[in-house]
Amino acid sequence: MTADSSQPRAVAPARPDDSVRAVLRSPRLLTREALAGIVTTLALVPEVISFSVIAGVDPMVSLVASVVLAVVMSLLGGRPAMVTAAAGSVALVIAPLVRTHGVEYVLPTVLLAGVIQIVFGTAGLARLMRFIPRSVMIGFVNALGILIFVAQVPHLVDVPWIVYPLFALTIAIVVLLPRFTRVVPAPLVAIVVVTVIVVAAGLTDVHTVGDEGPMGGGLPGLTPWLVPFSPETLGIILPTALSVAFVGLMETLLTAKLVDDITETPSHKGKESWALGVANIAAGAYGGIAGCAMIGQTVVNVKIGRARTRVSTLAAGLFLLLLVTGLSSVMARIPMVALAAVMMVVAITTVDWHSVRPSTLRRMPLPETLVMVVTVAVVVATNNLAIGVAVGVLLAMVLFARRIAHVIRVERTVEPAVEPAAAAVTDPDGSARPHARVRYDVVGPLFFGSSNDLVEHFAYADDAALAEEAAVASRPDATVLVDLSRASVWDASSVAALDSVEAKFAAHGLAVEFVGLDERSGSFHGRLTGQLGG
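Residues numbered from 1 in each chain as written. Predicted model: local features only at pLDDT ≥ 70, side-chain atom pairs only at ≥ 80, totals over all residues. Heavy atoms only, no water.

Q: Explanation requested: the pattern of salt bridges in the structure shown.
A: Note on pairing: side chains with opposite charge can pair once their charged atoms come close. Applying the stated criterion across every chain, the model contains seven salt bridges. One salt bridge connects Asp260 with Arg79, and the closest N-O pair in it is separated by 2.6 Å. One end of the pair, Asp260, is in helix H9 (residues 231–263); the other, Arg79, is in the loop between helix H3 (59–76) and strand S1 (84–85), and 181 residues separate them in sequence. The two residues Asp260 and Arg79 agree in class, both being buried. Put simply, Lys269 and Asp260 hold a salt bridge, and the shortest N to O gap is 2.6 Å. For the pair Lys269 and Asp260, one class covers both residues: buried. The network of salt bridges with common partners includes Arg79, Asp260 and Lys269. (Salt bridge = Lys/Arg side-chain N within 4 Å of Asp/Glu carboxyl O. Helix = DSSP H or I, 4+ residues; strand = E, 2+ residues; numbered from the N terminus. Buried < 20%, exposed > 50% of the residue type's maximum accessible area, 1.4 Å probe, protein only.)

Put into structure tokens, the structure is as follows:
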């Protein structure tokens, strides 16, 4: 879809409120975008710190890398308002490498992953996203909501009783404040109010962001290269680099598709892919770890903050930089319960509740529902969105192939005998063909799944008997007509199946004529027929 299309959605990117120039000219829009970025940053910090622990790197490494990722993607990315930072999925992939070989191998891994992502984006491979079915996408969204919600539960278990009133207050502000005003994002108000209460009341037993990891100010320098340039190093980092590259791409492109749906605006997936590679190279060089789209924080930015432009994510990156360098002590005092409450609201609004209504499930085909449920189950079981989506897509392909394999229909028609002089008939285009005593109409797509049993749909012996009765079995124009005008030939398996049909009729003394193929199918069949052996 392009911006100059006549379809209604295509003009969405040109809406005045959605352009960076319009935002910079409007104090109201600029305030909206900036505040959305601030809220997003506050929701980002605890997760980034937690993921750094998973990856086995210093929290400051992940925070600085997140600054770099957010700023670079704000400038280069193909999906405005999407938040990119050091993510949990990447941390899970890098962690085994750090445990086995040490943190010094993270830099070359990240740089190689970035190069792979640049190649992926510039080669146009991001278009493969169109093959992800809707049922997988819904499963992805629902699983995301579950993971976000479950990740907050530990902040509400085995905690002092005062945490629960603070949790309820946060929820109340987030839910009720938008009914009175939307000038300031409700989550930001809730976080500030609860933080002030905790600090003013001296509630030192309430868990804070500072308890998640050290919050020392200052910035690190360039990440030093500490491993040898050798084939051995490449052998160590290549498997992890491939995983980092493709897990990051999958989560980023799925998140971009989600934001496309929420904002009803298109994005440039190829640009987003190569920009992610550039951002990861920059983050690896100055910071030290890779990242990808942060789905939960993106939902905060787009849904709760109502952000629509790059200004919001740039504001998030700059505010995170401010927190890391000058306000680390303030950031460290934010109660985790306030952030957990905000993220739980995000989780609940993320789930596509319509997809799990009994009325919807009754109407949906069982394979579609099965794909959605399996996607959710795998994501929740593995805590990895990429694995869940991959399994969901694979299952959808298998079920689709199984379903379409049974749509082939072959209709047999026995035509009355005619005198030899009338043995030629004329097609609508004026060309003559031998008259056929038996006609077969093949209906449906022919591919490896549907054509395997195509041979069984023809009555070879019966047709030979009819021809013998008419005393035309020895004539070369005693033809069986197979009409493929309502079928398409898609692969070599189908051509081989048609060759088998022709061979079986020949064994019974009958010639076969295949007619009705469209130009593509006819060319494909003509190129391969008789060349497949067997």
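Here the narrative resumes, following the displayed structure.
Q: Teacher, can you tell me more about the confidence of the model for the protein here?
A: With 88% of its residues at a pLDDT of 70 or more, the protein has an overall mean of 82. This model gives residues 1–17 a pLDDT under 50, and the stretch forms 25 contacts once residues within four places in sequence are excluded. Contacts of residues 419–426 to residues separated by more than four positions or lying in other chains number 15 contacts, the stretch itself having pLDDT below 50. (pLDDT = per-residue confidence, 0-100. Contact = heavy atoms within 4.5 Å.)

Q: I'm lost on the side chain of Thr252 in this one. Help?
A: For Thr252, the position within the fold is in helix H9. The contact partners of Thr252, leaving out residues within four places of it in the chain, are Met82, Glu272, Leu276, Cys292 and Ala293.

Q: I keep staring at the packing of helix H16 (residues 366–382) against helix H17 (residues 385–404) and nothing clicks. Help me out?
A: Where H16 meets H17, the closest approach of the two axes is 8 Å, and the angle between their N-to-C directions is 155°. Relative to H17, the element H16 is oriented roughly antiparallel. Considering how the two elements wind past one another, H16 and H17 form a crossing that is right-handed. Note on element contacts: H17 touches H16 through Leu385, Ile387, Gly388, Val389, Val391, Gly392, Leu395, Ala396, Leu399 and Arg403, opposite Pro367, Glu368, Leu370, Val371, Val374, Thr375, Val378, Val379 and Thr382. Classifying every residue of the contact of H16 with H17 by side-chain character gives 13 nonpolar, four polar and two charged. (Axes fitted to C-alpha atoms, helices over the stretch in contact; angles between N-to-C directions. Parallel < 35°, antiparallel > 145°, perpendicular 65-115°, else oblique. Left-handed = near helix turned anticlockwise from the far one by under 90°. Nonpolar A, V, L, I, M, F, W, Y, C, P; charged D, E, K, R; others polar.)

Q: What is the right way to look at the packing of helix H6 (residues 134–152) against helix H14 (residues 336–350) in this model?
A: Helix-helix packing is described using two parameters, namely the angle between the two axes and the distance between the axes. At a minimum axis separation of 8 Å, H6 and H14 run at an interaxial angle of 160°. Taken together, the axis directions place H6 and H14 in an arrangement best described as roughly antiparallel. Crossing of H6 against H14: the hand is left-handed. Here Val141, Leu144, Gly145, Ile148, Phe149 and Gln152 of H6 lie close against H14, whose contacting residues are Ala340, Met343, Met344, Ala347, Ile348 and Thr350.

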